[in-house]
Every structure is written in structure tokens, then in C-alpha cells.
Amino acid sequence: MEKIKVIVGDKSGQFEKGTPIGEIFKKFNIKGAIGALVKPLEEIKREEPKEDLLKDSKATDSGIFDLHTPLEFSAEVKPIYKGSKEGLEIMRHTLAHILAQALSELYGRTKVHLGIGPTTENGFFYDVEIEGVHLKEEDLPKIEEKMKEIVKRDLPIERIELSREEAKKLFKELGEKYKLQIIDRIPEGEKITVYKQGDFVDLCRGPHLPSTGKAGEFKLSHIAGAYWLGRSDQPMLQRIYGVAFWTKKDLKNYLNFLKEVKKRDHRKLGRELEFFTIDNNIGAGLILWLPRGALYRKLLEDFLREEHYKRGYRFVYTPHVGKSVLWKTSGHLEFYKENMFPPMEMDNETYFVKPMNCPFHIAIYKSKVRSYREFPLRFFELGTVYRYELSGVLHGLLRVRGFTQDDAHIICTEEQVESEIKEALKFALDILKVFGFNEYKVYISTRPEKSVGEDHRWEVATNALIKAVTDLGLDYDVDEGGGAFYGPKIDIKVKDAIGRFWQLSTIQFDFNLPERFDMTYIGADNKPHRPYMIHRAVLGSIERFTGVLLEHTAGLLPLWISPTQVIVLPIADRHNGYAQKVAEKLKTAGFRVEIDLSEESLGAKIRKAELLKIPYMLIVGDKELENQTVAVRGKKEGKNLGTMKVEEFAEFLKEKIKEELKAVS
RNA sequence: GCCGGCGUAGCUCAGUCGGCAGAGCGGGGGAUUUGUAAUCCCCAGGUCGCGGGUUCAAGUCCCGCCGCCGGCUCCA
């Protein structure tokens, strides 16, 4: 029998190939493990050179296994215990099975047809079809009870390897039509395993806990429909979601997190702050900006324009529609039609509303003969585009049918590519920093199999992307072959205040459109050349970004972009005159000020301003009138910040804004 | 688009078994002149998403449409 070497901690030993990990642990006198982290020995020795990342971003064969799994190769094996992060993965997976078992006990084993039951970021789900049963949210507590009961039974979990024929026979008997499909998709030569707990058997490759009693705290969260295999031509299964953690405290924290998410929902904030609305009679996914929101948006747009101008971008404006010949040349009618609004006929011509700005910017480029001396050209537009999105995916400001991109096209020579990318990337990061997005993930996507463009250009472009990222000292992931067919790209995902990631910036090369539109410039050699074109957006969609920022800040926007920065609250109406004087002074100093002249009590005025999340309230009464001062209350601080002269307060605001904008100053 | 849930006043929601459509907030008017998150009183707001059907009678039951919400491979 073949021997393998196993290292556990600072000890090692020889075992027969195929010894279950649990037995190995027993030999090393390790107790209480629920699984193992396995690293093949060969992989440990192999150094991974950084340059190789592009060619091989795949992880090693290491992974999380359960105690039943036979070890087939020499490896370092680390026990995983209850309470550990790696253990969560195992536990959640087992909970998915416990859910399936609960369903089959409640509704009958042969009535329940199981789909897939994987773990998720915070729990697990199982896709099921139950004959004659449509589950409702109200059914969840009952299922949850059953699951708890199964956990209490503490059933040992067995791992059994089956031949393809045995597996097929078993799942045919159980009426598991979806599992049979899965078996057919398992590649020849790969092991087929089932896991058994009590009399419940499920096709699964594991890993699983040693017994059901080792499961942690969980809660079934909701039900949703999900296509089998995610394909709309397949039956719709019922997906039951659960969340699971080791401790009650972690579970509670997560449920609190969900509450926080709800509280920050930009749709709710958008209504409360009177920022935007969506009108049924206008159309789904089409945004109406209310005055307060419009001001917020205008401030954002002004800021973007200014920052682009400072960095050598030139403004362009383009129309919302264009003739079909344009979209034919660009290839949109061929490859993007299902995302475009339907055509409009006029004067024997067919027009389309634009889903992208690029063809228009290219037309501007082509409006005259271009020389290398003008390069790099950077065209910028807050360009409004319309895209047909499926009605089911529309979501507040985050997913809409009409939106405005902070869109730019950089057109340059090969020599300029590297510095242009670096500048664009740095620009994007500076802007993100202004909004308090200091943590991000950077992804570089490389050439997919089906693509256009010369090898040389792909190489130049991809290297420029990598160089820009490494020069700026950023970590990045490579999405091998994940680029668009027309060029490689960098995507930036930012982390918000409660840890969620949002994809915002993107920098993409385009080798397709310059060819299609035959873009050229005259080089120093007096001959025509094909320029490089880079498409980039910092915030992506203005609508989406304003929504993301609302969620990130929980509606408490930075001072510089708050539609109302200050509200003056006179205590009694004999203070109105002075309050108006204060407001005037601040307006003259360039701040956005409101004044509450209603006959409400001070408490009510404060509450109203608090709900509108106005950053600063100035309370003026007898004392302030006499001393010509204002009493400042900060929204963020939720209390009185002291009394000062109006000039002092203006200075204070100025400093605050300067600090907020320091990333771009 | 598909599955499930939902759609009642500007907002949040109640409305039993099919029997005259409600509350709070917000809005308007009045009183009150207030010191750090809601002063009191009065009043006006509705094609119960839209269209059709069943019924003596529909917010309520049935059908169609529109919209909103949660989801739609995170590979056994």
C-alpha cells in the first residue's frame, strides 16, 4: 500500500494513502476537531512568483475537508475546531442538509426534490421543489423548529463513496430528479459521495460536521424563487435562505447588521430627505429629482466637472439619440440590442436612444483630422444614457433605466498609454477618497478567449494596467480572461461604512471601436496611425453613486455636498429679524442656509432639522441676540457645540470643508 | 422576463365572515412665543394601483395588466 506523509503541527507521520483525516487526528491525539484545513506538501514548497499572477491566479489544491475524507496525498493538515472561521463553512454546509432533512420529514422524502444547497457569505440556502407545496414565509418557523430538533438528535454524519451506478440507483429511488442531473454532470473519474445523517441521504461532496449536534446558531431568513441551474428555461425552485453563526452573539450582530442595512436604504432616505421619487406614470427605473436631491446632484456634478477640468479633460456634450447607422457601425445593434430601447422612426430614418456615449465622442474625435500633437485627448461628458433593464432587477437609484455616466474617453498614442492609465487611476482614487471610500479592491481583467484586437495592443494595455496598479502600491486581483472582448480593464470596488462593496470606477481599453470607426491620427512620420482609446468612469452612474453615498453615509452627507448646510432656528418670533441677518451673512459667505420661521416650539424645529439631517443648526434667542452670537448644534454630534460669532462659525465651516476636500486639493 | 410577496390619504399602516373607508405623521386654519428630537384645538385630504368579472352588495372573491419588494449557480 502506498504511503503518504502527513504533517500536523510540529509532528509528522507516515500513513496509508486514503486514511480518513479523522483517524490521522486520532493518531496525533487531536480531539474535538470538526474538520481539517489541508495543504498538499508539494504546494507548500512551491514559491509563487508575483509576475506569474497573470498566468496562474488559481489557488492550490488546499482546502477545507471533513474528518471522513480520505487523504490521498502527502499534506500538512490543520485541525478546524468549533467556533473557527473555517469551521463556519463546514457547519453552514451541514445546516443546509439539516434543512433538507427537515423538509423531507415535514413533507415526505419522495415529495421533496432537492436542487443545490451551498453555503453563502453569512449562511446557506437550499433550492427545493416540493410536490404540491408552495412554501410561505409563515412556514419558516415550523421548518426551523424541525431543524433544531434534528440538531438536538445529534445524528452522526457518515460519508459514503458510491459508484456512478449505485448513486444513480439511489437517487432514482428517492425521486431526486435534480440530483440525477448533477450526477450526470460530475466528470468521469471524479468520486461520487453521499452524506448520511439518520435515514436522510443526500448527494454532496462535503465537507460536513461529524454530527448534527455540532451545528451552531441559525435562523431561516427568507424564501425566494430561483431557477434550476440559474437558467430561465429551467423549472423555478424555491430557495430557502438561512443565516448561521457559531454563537448567538454573532447571529444577533448579523441580524443587527441587516437592520442597519434597512435603515440606510437609499430609497427610504431618498424619500425622507426629499431627494428623489419614481412615478408610476413616468416609468419604472426613471428618476425624478426633487429640489433637495437635485441640489445634491448638482453639487456632485459641479465638483466632478471642476476636477476633470483641472486634470486636462475637455467637456463635450452629445445628443440623446442617434441614427441607426451609427449603432450599426459601433456594433451595438449587433451585440447590445437587447439592452437598448426600441427604435423610433422619423423622416424615413430609424433613431435609437443612446445606451452609451462612446460613438458620439468618437464622432467628435473624427470631426477633424487629428495630429499626435493634440494628444492625449480627454473628452468628458456627464452623459445621460438609457438602457433596457429587466423589470425585475430595477432597484431605486442603484439599478435604473435612465442614468448619467461620468464618462470620459482618452485617446492617445502607445507611448502615452502608461502615464494616462496611471493618472486616470490616481484620479479615481482621489475622488473616491473625498467621499470617504478609503478601502477598495482592485480587479484587473485580462483577455478573454473571444476577443478582438492585435496581440501587441493587448500586451501593451494589460501591462500598463498592471504597472499603474503596482506603481500606486495597490493590491489587486486578476480576473483571468474576464476582460471585455474589446479590451482589458481595471475595476475598483469600494468598501462602505458597514463593510459592503460597491463597484464604482472602471478603466477600460477599447480596441474595437477605433477599428470600427476607423479612427486615425497623423503621427510625427506624417502617416496615419490608429490611436489607443481608453474608456473610463470614476463614479460610474451619477444616480447609482448618489444612492451608494446615501447608504454609505446613512444620509448624513459630507458638509460640502449637503443641499442645506445650515439652518437657523429662532426661538421666538422676536428673534426672526436677527435670525434672518445671520442667514444673510452666511449666504453672503457662500453657504447654503435655510431659516425656520414657523411658530413651532424649538424642540419641534430641532426635530424637523434632525430628520432632514441638516449638518448644523444655529439656535438664536435672547442671549444670542444680545451678544450677537449663534448657538451651534451639530447633527453628527447631536448636541450643542457652543456659542460663537457668525464669522467664527463661517470660518469653522470653511475649515471643515477644506478638510473634507483635501484629497483633491 | 421568471418565482414568491405586496399595492388603502403625501408618508407609515389598520380595515374581522363580502355589508356606509380609518388612525398617526404630514398639509391648511386658529390659539400659543416656546432654550436643544414632536405645544394644543379645529379642518380638509381617497376612482382602496388600473381594467374586466362574480354578487342584491367588492378595499375584501376571481381573471388580466401596471408598479413595488425579495430573489433568480455563491458549482453535488
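Residues numbered from 1 in each chain as written. Chains lettered and ligands numbered in written order. Predicted model: local features only at pLDDT ≥ 70, side-chain atom pairs only at ≥ 80, totals over all residues. Heavy atoms only, no water.

Student: Help me understand the packing of aromatic side chains in this model?
Tutor: Where two aromatic rings form a pair, the distance of their centres and the angle of their planes describe that pair. Enumeration according to the criterion identifies 27 aromatic pairs in this entry. Seen from their ring centres, Tyr 254 and Phe 257 are 5.9 Å apart, and the 25 degrees between their planes marks the pair as stacked. Pair noted here: Tyr 254 and Phe 257 are both in helix α7 (residues 248–263), with a separation of 3 residues, about one helical turn. Accessibility expressed as a relative area gives 15% for Tyr 254, which makes it buried. The class of Phe 257 is partly exposed, set by a relative accessible area of 26%. With centroids separated by 5.7 Å and ring planes inclined at 45 degrees, the aromatic side chains of Phe 435 and Trp 560 adopt a geometry described as tilted. (Phe/Tyr/Trp six-rings, centres within 6.5 Å; stacked < 30°, edge-to-face > 60°. Helix = DSSP H or I, 4+ residues; strand = E, 2+ residues; numbered from the N terminus. Buried < 20%, exposed > 50% of the residue type's maximum accessible area, 1.4 Å probe, protein only.)

Student: I'm lost on the layout of surface pockets in this one. Help?
Tutor: A probe as big as a water molecule, rolled over the atoms, marks out the empty space that is left. Its volume calculated, the largest pocket comes out at about 1,100 Å³. Lining of the largest pocket is provided by 37 residues; of these, Glu 190, Thr 193, Cys 204, Arg 205 and Gly 206 occupy positions nearest its centre. For the lining of the largest pocket, the elements supplying multiple residues, two or more each, are β5 (63–65), β6 (70–71), α3 (85–107), α6 (177–185), β11 (192–197) and β12 (200–203). For the lining of the largest pocket, the residue count by class is 18 nonpolar, 8 polar and 11 charged. When residues of the lining of the largest pocket are assigned to domains, at least three map to each of domain 1 (3–81) and domain 2 (85–261). (1 Å grid on protein atoms, 1.4 Å probe; cavity = no way out; pocket = protein on both sides within 12 Å on 5 of 7 lines; lining within 4 Å. Points joined across faces, edges and corners; volume = space filled by probe spheres on them. Nonpolar A, V, L, I, M, F, W, Y, C, P; charged D, E, K, R; others polar. Domains from an automatic or database assignment.)

Student: Looking at this model, I keep getting lost on the sheet that holds strand β10 (residues 157–162). Mind explaining?
Tutor: What links the strands of a sheet is backbone hydrogen bonding, and the strands pair in either a parallel or an antiparallel sense. Within the open sheet, the 3 strands sit side by side as β10-β11-β12. Their pairing is antiparallel. Each edge of the open sheet carries a strand with a single partner, namely β10 and β12. Averaged over all neighbouring strand pairs, the angle between strand axes comes to 25 degrees, with direction disregarded. Two strands pair when backbone bridges link them, and β10 and β11 are joined in this way by 6 bridges, in the antiparallel orientation. Bridge pairing in β11 links Ile 157 to Gln 197. Here α3 sits on the sheet in contact with β10, β11 and β12, set at roughly 125 degrees to β12. (Pairing = 2+ DSSP bridges. Axes fitted to C-alpha atoms, helices over the stretch in contact; angles between N-to-C directions. Contact = heavy atoms within 4.5 Å.)

Student: Looking at this structure, I do not really get the protein's contact with RNA strand B. What am I missing?
Tutor: Near RNA strand B there are 59 residues, and of these Ile 186, Leu 203, Tyr 227, Glu 599 and Arg 607 occur at the shortest range. A distance of 2.9 Å is found between a sugar or linking oxygen of RNA strand B and a side-chain nitrogen or oxygen belonging to Tyr 227. In this structure, Gly 392 approaches RNA strand B through a main-chain N or O atom, which is 3.5 Å from a base nitrogen. Tallying contributions element by element places helix α18 (residues 602–611) first for the surface near RNA strand B, with 7 residues. Taken together, the residues of the surface near RNA strand B break down into 25 nonpolar, 15 polar and 19 charged. (Near = heavy atom within 4 Å. Polar contact = N/O pair within 3.5 Å; in protein donor to acceptor, adjacent residues only side chain to side chain.)

Student: Mind showing me how you'd approach the pairing of strand β23 (residues 440–445) here?
Tutor: Looking along a regular strand, one sees side chains alternate from face to face of the sheet. Bridge count for β23 against strand β25 (residues 489–495) is 6 bridges, and the pairing is antiparallel. Residue pairing across strands places Ile 444 opposite Ile 490, the latter belonging to β25.

Student: Could you clarify how one ought to interpret the nonpolar core in this entry?
Tutor: Looking at soluble globular proteins, one finds that nonpolar side chains tend to be buried together. Core analysis: the largest hydrophobic core is formed by 88 residues, its most contacted members being Ile 421, Phe 435, Ile 490, Leu 586 and Phe 649. Sort the elements by how many residues they give to this core and helix α13 (residues 414–434) lands first, with 10 residues. Built from parts of two domains, this core gets at least three residues from each of domain 3 (277–553) and domain 4 (559–664). Here Phe 435 is in contact with Leu 300, Phe 303, Leu 539, Phe 545, Leu 549, His 552, Trp 560 and Ile 561, once residues within four sequence places are set aside. Ranked by size, the runner-up nonpolar core spans 38 residues in total, among them Ile 98, Met 147, Ile 150 and Leu 209. (Core = buried A, V, L, I, M, F, W, Y, C linked by side-chain atoms within 4.5 Å.)

Student: I tried to follow empty space enclosed by the protein on my own but got confused; where do I start?
Tutor: Applying the stated criterion across every chain yields a total of 2 cavities of 30 Å³ or more. Here the largest cavity is characterised by a volume of approximately 70 Å³. Along the walls of the largest cavity sit Leu 273, Phe 275, Arg 292, Gly 555, Leu 557, Ser 562, Pro 563, Thr 564, Leu 612, Lys 613 and Pro 615, which together make up its complete lining. When grouped by side-chain class, the residues that make up the lining of the largest cavity number 6 nonpolar, 3 polar and 2 charged. Considering only enclosed or pocket space, the second largest cavity measures out at about 50 Å³ in volume.

Student: What is the right way to read the side chain of Glu 129 from this model?
Tutor: Mapped onto the elements of the fold, Glu 129 is located in strand β9 (residues 123–130). A polar atom in the side chain of Glu 129 sits 2.9 Å from the side chain of Lys 177. In this structure the side chain of Glu 129 is engaged in a polar contact, spanning 2.6 Å, whose partner is the side chain of Tyr 178. If near-sequence neighbours (up to four positions away) are discounted, Glu 129 is found in contact with Lys 111, Val 112, His 113, Lys 177, Tyr 178, Pro 235 and Leu 237.

Student: In this structure, what is going on with unusual backbone geometry? I would like to understand it.
Tutor: Note on backbone geometry: most residues besides glycine have negative phi, and most peptide bonds are trans. For the bond running from Phe 375 to Pro 376, omega is -5 degrees, close enough to zero to count as cis. Tracing the sequence through the fold places Pro 376 in the loop between α12 (358–365) and β21 (377–386). The phi torsion at Glu 274 lies on the positive side, around 55 degrees, for a residue other than glycine. Looking at where Glu 274 falls in the secondary structure, it is placed in the loop between α8 (266–272) and β15 (276–277).

Student: Whenever I open this one, α3 confuses me. Can you help?
Tutor: Side chains that are three or four residues apart share a direction in an α-helix, a result of its 3.6 residues per turn. Between the first and last C-alpha of α3 there are 33 Å, a value that for 23 residues agrees with the 33 Å anticipated at 1.5 Å per step. In terms of burial, α3 is a largely internal element, 18 of the 23 residues being buried. The N-cap of α3, judged by a side-chain oxygen 3.0 Å from the amide nitrogen of Gly 87 a few residues on, is Ser 84. Just beyond α3, the residue with positive phi is Gly 108, at close to 100 degrees. (Expected span 1.5 Å × (residues − 1).)

Student: Which parts of the structure should I look at to understand the sheet that holds strand β14 (residues 236–245)?
Tutor: Strand order in this open sheet of 4 strands is β8-β9-β14-β13, and the pairing throughout is antiparallel. Of all strands in the sheet, those bounded by a partner on one side alone are β8 (112–114) and β13 (217–227). On average, each strand axis in the sheet is inclined to that of its neighbour by 35 degrees, with strand direction left out of account. Judged from the 6 bridges that link them, β9 and β14 form a sheet pairing that is antiparallel. What sits directly across from Phe 124, in β14, is Gly 242. Strand contacts of α6: β8, β9 and β14, with the helix running at about 25 degrees to β8, the strand carrying the most contacts.

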